[in-house]
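Here are the chains, one letter per residue:
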Amino acid sequence: MTKDKTAEYVTVTGQYMRTLMRDYQSGYTVFKILTKNDGVIICTGCIILPSLNMKVDVTGYWTENPKYGRQLSDCTIHEVYSDKEGMIEYLCGVPGVGKSIATYLVDTYGEQLYNIALSHNAVTVLSSAPGVSKKRIQDIISYIKGTEEQRRLFNFLRAHGGNYVASAKIYKEYGVLSMSKLYENPYSVGYQAGLGFHVCDSIARSINFLAYSSVRIGAAVKHLLKNQTVLGNTYAPLSDLISGAREFLGYSKEYEAVSSAILNGYVADGLDGCVVEKDNDTSNVFLRSVYYNEVHTAYAIRRLMKTAIRTDCDPEELCEYAEGVCGVPYAEQQREAFKLLCSGGVGVITGGPGTGKTTVIKGLLAAYEKLYPQKVIKLCAPTGRASQ
């Protein structure tokens, strides 16, 4: 599918017929609309799904797909409430509102009903309609304001590289206050919704967030420390983190601002903070959650080591027994693992994929069953061949 360089964005109006395909991570959707002049048109783009049969304005550019023919691509979509049928269909989506109430309100307020519901005095104006309870009016107003907020939020995030899932998470948490909360702290709200630093930073810059704000510096530090955990590191040296953050944020000589954010023990409002630990002349910086996970793990291992049951056994003899049961010969390094049977407590077996960790575990299980035939052995494995 190619875009004509001279193609311009056009808007067509039609009835939303059907969703052909949808990626619920990005919101990318292939859908059909029925137009008055051009019949059925296939459209593609990241959208919030409208109600079926709803009248919509679809904006995009024409492309020619080798397999599916002419399509309207990169579409945005807006439900049309300016005509009576479209507004009635939309209001019927409000829980508890049937066609009779929807028709009555549209007949009473006309095409301005949607805009009235978004105004500050919406309850006062719409409650003047006799025969409709105030609660029902409030439900309708909330529904319309929610629709508008979801559309604004999704389009705003999309413009900065965000996705549909993040938009849905933010709206679920904050409702009609989503945009105002995002403006208050795009780093905190965005991070909680699963957005990366660069997306949050793009949002922050668009609303003139201070480049040297402690919140931005803290979010960058958290991003760098999270990258360290991906690499298998639980911390980063303070000096490396300062220079890394300075370079990452594009600062030239503002060491003080970066180090202040770290040493104050936070990353950003509402996010995990940092822990700085001294090691001789070096200061190491941890994400607080990672730090305490490591500390608690160390305490648990120490407790298990102290309460371990030592077994008087011959590792070589048990290894040979396991080889017979499992039908495999163990290499020299694999044979070392059988010494764990004597020490008890906690043992760690490491190695890359395909190095025989699972094969060793099978042998250890066979040896344990020989040592303790009346005991119950519990084994858990979240991934890999061992989990099968």
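Criteria and cut-off values
Here the residue index of a chain counts from 1 through its sequence in written order. This being a predicted model, a pLDDT of at least 70 is required before a residue's local features are given, and a value of 80 or more before pairs of side-chain atoms are given or counted; all residues contribute to the totals for chains, interfaces and linings. For the side-chain quantities, the full set of heavy atoms in the structure was used; hydrogens and water were omitted. Note on conventions: DSSP H or I runs of at least 4 residues are helices, E runs of at least 2 residues are strands, and numbering of each starts at the N terminus. Think of it in three bands: residues with accessible area under 20% of the maximum for their type are buried, residues over 50% are exposed, and the middle band is partly exposed, with areas taken using a 1.4 Å probe on protein chains only. Any two residues having at least one pair of non-hydrogen atoms within 4.5 Å are treated as being in contact. Note on areas: Shrake-Rupley with a 1.4 Å probe; residue coverage comes only from the protein chains shown. Only C-alpha atoms enter the line fits that serve as axes; for helices the fit covers just the stretch in contact. Angles between N-to-C directions range over 0 to 180 degrees. Oblique is the label for any angle not covered by the other classes, which are roughly parallel (under 35 degrees), roughly antiparallel (over 145) and roughly perpendicular (65 to 115). By definition, the arc is the one covered by directions from the helix axis to the C-beta atoms. One bridge is not enough; two strands pair if DSSP finds at least two bridges between them. A residue's pLDDT is the predictor's confidence in that residue, given on a scale from 0 to 100. Each salt bridge in this description consists of a side-chain nitrogen of Lys or Arg and a carboxyl oxygen of Asp or Glu lying within 4 Å of one another.

Before we move on, could you go through the overall build of the protein and cite the residues and values that matter?
Tallying secondary structure elements over the protein gives 17 helices and 9 strands in all. Dimensions along the principal axes, computed over C-alpha positions, put the protein at roughly 90 × 55 × 55 Å. When the 388 residues of the protein are sorted by exposure, 38% land in the buried category. Across the protein, contacts joining residues at least 24 apart in sequence account for 54% of those joining residues at least 6 apart. Within the structure as shown, the protein displays about 22,300 Å² of accessible surface, and the carbon and sulfur contribution to it stands at 52%.

With reference to specific residues and values, describe the packing of helix H1 (residues 84-91) against helix H5 (residues 134-159).
A pair of packed helices can be characterised by two numbers: the angle between their axes and the separation between those axes. Packing of H1 against H5 leaves a shortest axis separation of 11 Å and a crossing angle of 105°. Relative to H5, H1 is oriented roughly perpendicular. Contacts between H1 and H5 involve Met87, Tyr90 and Leu91 on the former and, on the latter, Ile140, Tyr143, Ile144 and Thr147.

Got a sec to walk through helix H2 (residues 99-109)? Specific residues and values, please.
Of the positions making up H2, those classed as buried are Ala102, Leu105, Val106 and Tyr109. Buried residues of H2, seen end-on, are gathered within an arc of 100° and therefore sit on one face of the element. Among the exposed residues of H2, those pointing more than 90 degrees away from its buried face are Lys99 and Ser100. Contacts from the buried residues of H2 go to H1, helix H3 (113-118), helix H4 (122-126) and H5. Of the residues trailing H2, glycine 110 is marked for its positive phi of about 65°.

Let's hear about the pairing of strand S8 (residues 274-279): which residues, and what values?
Relative to strand S9 (residues 282-287), S8 runs antiparallel, the two being bridged by 6 bridges. Opposite aspartate 279, over in S9, you have threonine 282 as the bridge partner. From the end of S8 to the start of S9, which pair antiparallel, there are 2 residues, and asparagine 280 there has a positive phi angle of about 55°.

Describe the confidence of the model for the protein, naming the residues involved and giving the relevant values.
In the predicted model, the protein carries a mean pLDDT of 85, and the fraction of residues at 70 or more is 91%. Per-residue pLDDT, averaged within each element of the protein, yields its smallest value for strand S1 (residues 2-3) (50) and its largest for helix H7 (residues 178-184) (95).

Lay out the sheet that holds strand S7 (residues 235-237) in plain terms, naming residues and giving numbers.
The 3 strands are arranged S7-S9-S8 in an open sheet whose pairing can be described as antiparallel. Each having just a single partner strand, S7 and S8 make up the two edges of the open sheet. Averaged over all pairs of adjacent strands, the angle between their axes in this sheet comes to 30°, without regard to strand direction. Along the sheet, helix H10 (residues 214-230) contacts S7, S8 and S9; its crossing angle with S9, the most-contacted strand, is approximately 90°. Sitting on the sheet, helix H13 (residues 288-306) is in contact with S8 and S9, with an inclination near 100° to S9.

Which residues make up the pattern of salt bridges, and what values do they have?
As a working rule, side chains carrying opposite charge can pair if their charged atoms are close by. Per the counting criterion, the structure on display carries 11 salt bridges. The partner of arginine 136 in a salt bridge is aspartate 139, with the nearest N and O atoms 3.8 Å apart. Here aspartate 139 and arginine 136 lie together in helix H5, a separation of 3 residues that amounts to about one turn. Judged by relative accessible area, arginine 136 falls into the partly exposed class, the value being 25%. Judged by relative accessible area, which is 26%, aspartate 139 ranks as partly exposed. Here arginine 205 makes a salt bridge to aspartate 201, at a shortest N to O gap of 2.9 Å. With arginine 205 and aspartate 201 both in helix H9 (residues 197-206) and 4 residues apart, this pair spans about one turn of that helix. Classification of aspartate 201 as buried rests on a relative accessible area of 5%. Here the salt bridges share partners, and the residues they tie into one network are Lys135, Arg136 and Asp139.

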